[in-house]
Amino acid sequence: MANITLVDDDENIVASVSLALESHGHTVTAYHDGASGLEALEASPPDLAILDVKMPRMDGMEVLRRLRQSSSVPVVMLTSKDEEIDEILGFNLGADDYIHKPFSQRLLIERVKAILRRTGQPGDEPEASAEVAGRAIRRGKLVMDPARHECTWDGLAVKLTVTEFLLLQALAQRPGFVKSRDSLMDAAYDDQVYVDDRTIDSHVKRMRKKFRVVDPEFDAIETLYGVGYRYRES
């Protein structure tokens, strides 16, 4: 099953979450402050990370920001704040999902299962689309290898989060065709997880920034205002 790193300063949450995940066969390594958690995540990336937002020494947002400089490991954020701006900031920094405290252990397990299913990590429940999921996509300068979760543009690596990779894959599979935000949500999120339009927009904005690091003239992802997005093959 999956190796999961949990970073939270609340001992009760660490104990209960660890027990719930381990009862489903996962291996959990816990840290109680952001700095220690970041060091461990960089030294030995797990299959999935769960980060609390509010922590001593380094908060979860800063851990996520630094982690995304070198890693695309899936990240679930835990927060006691029910503020939309915090979610938007987290998604802009590269979070894959958000869970608000207090939460049920069943909800957490379902969210973890959904992400592992999307990433193809150990502990997922593979479906009949394995052949399609493993097929490389080549669109002009873009090459995507879903089996290895690798993406390059004109031969240069572009590190995408799991959600970003799935969104781009959905667009690149049918260049020229418009994908609504709803269809992109279906491609990147489990059907039990609700996200709004702004979340998709935040992911696309972050993707564009990453591609423009390797190619300042990147314009392959087009916005059709009020409709959605499409991939334009050059």
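Above this text sits the structure in question.
Residues numbered from 1 in each chain as written. Predicted model: local features only at pLDDT ≥ 70, side-chain atom pairs only at ≥ 80, totals over all residues. Heavy atoms only, no water.

**Looking at the pairing of strand β2 (residues 27-31)**
The criterion, for reference: Here, a strand pair is defined by DSSP locating no fewer than two bridges between the strands. Here a strand is any run of E in DSSP of at least two residues, a helix any run of H or I of at least four, and the numbering for each starts at the N terminus. By convention, orient the strands away from the viewer: a clockwise path from the first strand over the helix to the second makes the crossover right-handed.
Bridge analysis of strand β1 (residues 3-7) against β2 gives five bridges, and the strand direction is parallel. Residue pairing for β2: I4 is matched across the bridge by V28. At this point the chain moves from β1, through helix α1 (residues 11-23), to the parallel β2, and the crossover so formed is right-handed.

**Let's talk about the pattern of salt bridges**
Note the cut-off: The term salt bridge refers to a pairing of a side-chain nitrogen on Lys or Arg with a carboxyl oxygen on Asp or Glu at a separation within 4 Å. For the exposure calls, accessible area comes from a 1.4 Å probe over protein chains only, and a residue counts as buried if that area is under 20% of its type's maximum, exposed if over 50%, partly exposed in between.
Here the structure, examined in full by the defined rule, presents 16 salt bridges. Here E164 makes a salt bridge to K210, at a shortest N to O gap of 2.7 Å. Within this pair, whereas E164 is found in helix α7 (residues 162-172), its partner K210 is found in helix α9 (residues 197-214), the two being separated by 46 residues in sequence. When its relative accessible area of 15% is taken as the criterion, K210 is described as buried. Note that R230 is salt-bridged to E222, the shortest N-O span being 2.8 Å. Bridged by salt links that share partners, the residues D219, E222, R230 and R232 form one connected network.

**Description of the environment of R68**
Stated precisely, the cut-off is as follows: By definition, residues are in contact when any of their heavy atoms lie within 4.5 Å. The term polar contact refers here to a pair of N or O atoms within 3.5 Å; inside protein, the definition further demands a hydrogen-donor-capable atom paired with an acceptor-capable atom, and it admits residues adjacent in sequence only when both atoms are side-chain atoms.
By the secondary structure assignment, R68 is in the loop between α3 (60-67) and β4 (75-79). Separated by 91 residues in sequence, R68 and K159 have C-alpha atoms that sit 8.6 Å apart. Ignoring any residue separated from it by four or fewer positions in sequence, one finds R68 in contact with V73, P74, V75, L93, G94, D96, T161 and R206. A polar atom in the side chain of R68 sits 2.8 Å from the backbone oxygen of V73.

**As for the nonpolar core**
To keep things clear, this is the line we draw: Residues grouped as a nonpolar core are buried Ala, Val, Leu, Ile, Met, Phe, Trp, Tyr and Cys residues, joined through side-chain atoms within 4.5 Å.
M77, L142, C151, L168 and F211 are the most contacted members of the largest nonpolar core, which totals 48 residues. The leading source of residues in this core is α7, at eight residues. Setting aside its immediate chain neighbours within four residues, L168 contacts L142, M144, C151, L160, M207, F211, I221 and Y231. In terms of nonpolar packing, the next biggest core, distinct from the first, is built from 20 residues, A20, V28, V112 and L116 among them.

**So, the packing of aromatic side chains**
The description of an aromatic ring pair rests on the distance of the ring centres and on the angle between the ring planes. Here is the rule: A pair of aromatic rings is counted whenever rings of Phe, Tyr or Trp (Trp by its six-membered ring) have centres within 6.5 Å, and the orientation is called stacked for planes under 30 degrees apart, edge-to-face for over 60 and tilted otherwise. For a Lys NZ or an Arg CZ to count as sitting over a ring, it must be within 6 Å of the ring centre and within 35 degrees of the ring normal.
Counting across every chain of the model gives four aromatic pairs. Between F211 and F218, the ring centres sit 4.6 Å apart and the planes meet at 15 degrees, which makes this aromatic pair stacked. You can call F211 buried: its relative accessible area is 0%. Its end group placed over the ring of F177, R174 keeps NZ or CZ at 3.9 Å from the ring centre.

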